[in-house]
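In case you want the letters, here they are:
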Amino acid sequence: IRESATLTRDVLEQHFNDLKGTLKKLLDERLLSLLQEVDAVEQESIKPLDECQKLIEHGVSTADDLLREGETAVHGDVEQQSEKLCSFTKKALHIQLDSLPEVPSLVDVPCLSAQLDDCLLTILKNQIFRHGTVASRPPVQLEEFVEKPGGILVRWCKVDDDFIPQDYRLQYRKSTASHFEDVYVGSETEFIVLHIDPNVDYQFRVCARGDGRQEWSPWSVPQIGRTTLVPHEWTAGLEGYSLSSRRNIALRNDSQSCGVLYSKAPTYFCGQTLTFRQVLSGELIETVGQPDRRDSLGVCVEQQNGYDSLQRDKAVCISTNGAVFVNGKEMTNQLPAVTSGSTVTFDMEVVQLGPSSTEGGNFKLRVTISSNNREVVFDWVLDQCCVSLYFGCSFSYPGWKVLVF
């Protein structure tokens, strides 16, 4: 409670400080705009009046000069009076003392004033007092963490019956990290977070966005999740396949060599879900290779070199054309073809037939293979007890790229 309260105070203070800075900037920009408008009107309106004033002042000055010249002619010597009066008369005839320039009418002369509406303060006051809320209960909470090899399946649920979610947002961080990062945004209520180091604590939190809204809800209470299962890895060094840095993605390259690429260790255990996903190799959509009937994705009891497919004894697999093979024999049931973006899952559980079922006799596993919303279920009979298995793949043509988790 104290930690979330402290964080909430910091968020509120930062938000309102940002608002004050933004409001001051906007008010300064509006004031500058209005002052510039006043300057523009003043300069445009005063120009004809200034020109009219200059003409009037010039006429008055000319009349004063002519008046002084006439007084001089009247009070001068008799001999010079005639010449000066003649000159005065000529100038007087050329000066139009009874004409004035056109002066704008009073109704056309602007009179500036500031029109300020006091209701702005009322509007801002009402908006500010309604701005922001403090929520003590987020509408969604984390519900469950399920360990996966090199990952964690995170599930969450809605706890507010009145809240209608549109999207969820899941974040996580390593226990030693200071910042959360987005790992999922969407409408689902669960997500497998990959690239998780085993036996390391990770902190998770989730929030939601209401239907038709832009803002996110408060975060859920952060919770710790971890996995003790080592990540699935392909075996490095097999010619014909290139691996990603984490060795969980295998790409069938253009090498002519062919064979089965196995997992590094028997890391698939009964009771878990093993997932193969065809991922894009590049920017183009058509990135899967050419299908071949010998292609295979599946699990096996042990690594056996010398085969070019998992369609053999002690293995179950699916071909890229959707055919399912058990111990090398094709089943009558068939799944949809594997294409770019397809996901294939294997689920297995031990079938308990009695005390003798694992003591030298037949050992049965209930196998479920799912692909493109269809599945087949069958019993896989083995001659030995086996609860941890290898996984593998084989492709005849380049371009196939498989993520395993």
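- Naming follows an unreviewed UniProt entry, where the chain appears as Cytokine receptor-like factor 3 of Alectura lathami.
- The Subcellular location (unreviewed entry) comment attached to the chain in UniProt states, word for word, "Cytoplasm".
- Under Sequence similarities (unreviewed entry), UniProt gives the following word-for-word description of the chain: "Belongs to the cytokine receptor-like factor 3 family."

## Concerning the sheet that holds strand β7 (residues 223–225)
Okay, so step 1: Strand order in the open sheet made by the four strands is β4-β3-β6-β7, with antiparallel pairing throughout. Edge positions in the sheet fall to β4 (181–186) and β7, since each of these pairs with one other strand and no more. Each strand axis lies, on average, 30° off the axis of its neighbour in the sheet, ignoring direction.
Okay, so step 2: Where strand β3 (residues 165–174) and β4 come together, five bridges link them in antiparallel fashion. Each bridged residue has a counterpart across the sheet, and for tyrosine 172 the counterpart in β4 is glutamate 181.

## Overview of the UniProt feature "domain: Fibronectin type-III" (unreviewed entry) in the chain
Okay, so step 1: Sequence positions flagged by UniProt for "domain: Fibronectin type-III" (unreviewed entry) are, in local numbering, residues 138–231.
Okay, so step 2: Within residues 138–231, the helical portion is 0% and the strand portion 52%, while the C-alpha atoms at the span's ends are 33 Å from each other.

## Quick notes on the packing of aromatic side chains
Okay, so step 1: Applying the stated criterion to the full structure yields 11 aromatic pairs.
Okay, so step 2: Where tryptophan 156 meets tyrosine 184, the ring centres are 6.0 Å apart and the plane angle is 45°; that geometry is what we call tilted. Of the two residues, tryptophan 156 sits in strand β2 (residues 151–158) while tyrosine 184 sits in strand β4, which places them 28 residues apart along the sequence. For the pair tryptophan 156 and tyrosine 184, a shared accessibility class is recorded, and that class is buried.
Okay, so step 3: When the centroid spacing of 4.9 Å and the interplanar angle of 25° are considered together, the rings of tyrosine 184 and phenylalanine 191 count as stacked.
Okay, so step 4: Overall, the relative accessible area of 14% leaves tyrosine 184 in the buried class.
Okay, so step 5: Taking the relative accessible area as the measure of exposure, phenylalanine 191 reaches 25% and is therefore partly exposed.
Okay, so step 6: Linked through ring pairs, Phe145, Tyr172, Tyr202 and Phe204 together constitute an aromatic cluster.
Okay, so step 7: Above the face of the tryptophan 219 ring, arginine 205 is positioned so that its terminal group lies 4.1 Å from the ring centre.

Definitions and limits used
- Residues numbered from 1 in each chain as written.
- Predicted model: local features only at pLDDT ≥ 70, side-chain atom pairs only at ≥ 80, totals over all residues.
- Heavy atoms only, no water.
- UniProt positions renumbered as here; feature names shortened; annotations may be inferred.
- Pairing = 2+ DSSP bridges.
- Helix = DSSP H or I, 4+ residues; strand = E, 2+ residues; numbered from the N terminus.
- Axes fitted to C-alpha atoms, helices over the stretch in contact; angles between N-to-C directions.
- Phe/Tyr/Trp six-rings, centres within 6.5 Å; stacked < 30°, edge-to-face > 60°.
- Buried < 20%, exposed > 50% of the residue type's maximum accessible area, 1.4 Å probe, protein only.
- Lys NZ or Arg CZ within 6 Å of the ring centre and 35° of its normal.

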